[in-house]
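Residue-level structural notes
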Amino acid sequence: MEPAFSTCSTGKNQSPVNIKKNETVFNNNLKPLYKQYTAAAANATLINWGHVIVLHYGVDIGGMKINGKKFAFKQMHWHSPSEHLFDGQRYAAELHLVHEAEDRSTAVIAILYQYGKSRKDVDPFLAKLGDGLEKLSKEKCAKNEVSQVSVGMLYTKPLTRNTHQFYRYIGSFTTPPCTENVVWTIFKKVRIISKEQVAALKAPLAAEYKENARPEQQLNGRQIELYAGDY
């Protein structure tokens, strides 16, 4: 591990974690996610960073507020299998919606996915990216380079999805440099994805990153809070 990444091994507030539902703490002071996404659709680009597939919108599409603090949307990316666990269970995939405040602090929304019962059970947003992912898998790039393909105008529905229940804790990036003090919001509801869609997300990645979930990290005394309210 490079010295710049030492927090990955020495940090005490690392992510991901195993969320034991009966050990979460209901916090009546938690507020619902206040979303301020200003664009229904925008030009988007799929990017292969080698270890993860990223989707980036070409314009500022707004963001959200947590406890009155504004966080602007930066990018979304996927991990497979999921990084966070519910009661020790790891799911098929996990989507991270990464946001950043003016002071460079970070907040991430995480949505977990499980396989549907049939091939017709798909994630509708990923279904829009099928052609782009196929093109990305055919792009060749040298080591330490990235490849990208435009997917044109793409709606922002994954950002506007709401949930009546979510978990909240303070953690870290799940990739180096594993920076801490990241505000994590994990939707309690597990959504549906197909095996073909997970395979499409894996196809462009380097061989050593086909399975790109970081192992579970210890809570080290941290509490995971539960929000259970109405929007």
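For the structure, see preceding data.
The paragraphs below set out a description of the structure included in this document. (Residues numbered from 1 in each chain as written. Predicted model: local features only at pLDDT ≥ 70, side-chain atom pairs only at ≥ 80, totals over all residues. Heavy atoms only, no water.)

To continue, consider the pattern of salt bridges. The tally for this structure, following the rule as stated, stands at 5 salt bridges. The partner of Asp-103 in a salt bridge is Lys-69, and the shortest N-O contact between them spans 2.7 Å. Here Asp-103 is found in the loop between β10 (93–100) and β11 (106–115), whereas its partner Lys-69 is found in strand β7 (residues 69–79), with 34 residues between them in sequence. Owing to a relative accessible area of 33%, Lys-69 belongs among the partly exposed residues under this scheme. The residue Glu-100 makes a salt bridge to Arg-104 at a minimum N-O spacing of 3.2 Å. Look at Arg-104 and you get exposed, because its relative accessible area is 60%. (Salt bridge = Lys/Arg side-chain N within 4 Å of Asp/Glu carboxyl O. Helix = DSSP H or I, 4+ residues; strand = E, 2+ residues; numbered from the N terminus. Buried < 20%, exposed > 50% of the residue type's maximum accessible area, 1.4 Å probe, protein only.)

So, on to the environment of Leu-126. In this fold, Leu-126 is placed in helix α2 (residues 124–128). A C-alpha to C-alpha distance of 9.5 Å links Leu-126 and Ala-200, two positions 74 residues apart in sequence. Residue contacts for Leu-126: discarding those within four places in its chain leaves Trp-78, Leu-133, Ile-193, Gln-197 and Leu-201. (Contact = heavy atoms within 4.5 Å.)

Taken as a whole and judged by the stated rule, the model has 1 cavity of 30 Å³ or more. Counted as a void, the largest cavity has a volume near 40 Å³. Lining of the largest cavity is provided by Ile-53, Trp-78, Ser-80, Leu-201, Lys-202, Leu-205, Lys-210 and Asn-212. (1 Å grid on protein atoms, 1.4 Å probe; cavity = no way out; pocket = protein on both sides within 12 Å on 5 of 7 lines; lining within 4 Å. Points joined across faces, edges and corners; volume = space filled by probe spheres on them.)

This part takes up the layout of surface pockets. Counted as a void, the largest pocket has a volume near 990 Å³. What lines the largest pocket is a set of 41 residues, and nearest its centre among them are Trp-49, Gly-50, His-51, Val-52 and Thr-175. The set of elements that each furnish at least two residues to the lining of the largest pocket consists of β7, β10 and β11. For the lining of the largest pocket, the residue count by class is 17 nonpolar, 14 polar and 10 charged. The space that makes up the second largest pocket amounts to roughly 230 Å³. If you go around the second largest pocket, you meet 13 residues; those closest to its centre are Asn-18, Lys-20, Glu-23, Leu-219 and Arg-222. Considering only residue class, the lining of the second largest pocket consists of 4 nonpolar, 5 polar and 4 charged. (Nonpolar A, V, L, I, M, F, W, Y, C, P; charged D, E, K, R; others polar.)

Here the focus is the packing of aromatic side chains. Within the structure shown, the criterion is met by 6 aromatic pairs. On the basis of an interplanar angle of 20° and a centroid distance of 4.8 Å, the ring pair of Phe-166 and Tyr-227 is categorised as stacked. Of the two residues, Phe-166 sits in strand β13 (residues 165–172) while Tyr-227 sits in strand β16 (residues 225–228), which places them 61 residues apart along the sequence. By relative accessible area, Phe-166 is classed as buried at 0%. Each ring, one from Tyr-169 and one from Trp-184, has its centre 6.5 Å from the other, and the planes form 10°; the classification is stacked. (Phe/Tyr/Trp six-rings, centres within 6.5 Å; stacked < 30°, edge-to-face > 60°.)

What follows covers the sheet that holds strand β9 (residues 89–90). Spatial strand order, β1-β8-β9: 3 strands in an open sheet with mixed pairing. Every other strand in the sheet has two partners, leaving β1 (18–19) and β9 as the edge strands with one partner each. (Pairing = 2+ DSSP bridges.)

In short, the description is geometric, and any link to function would need to be established separately.
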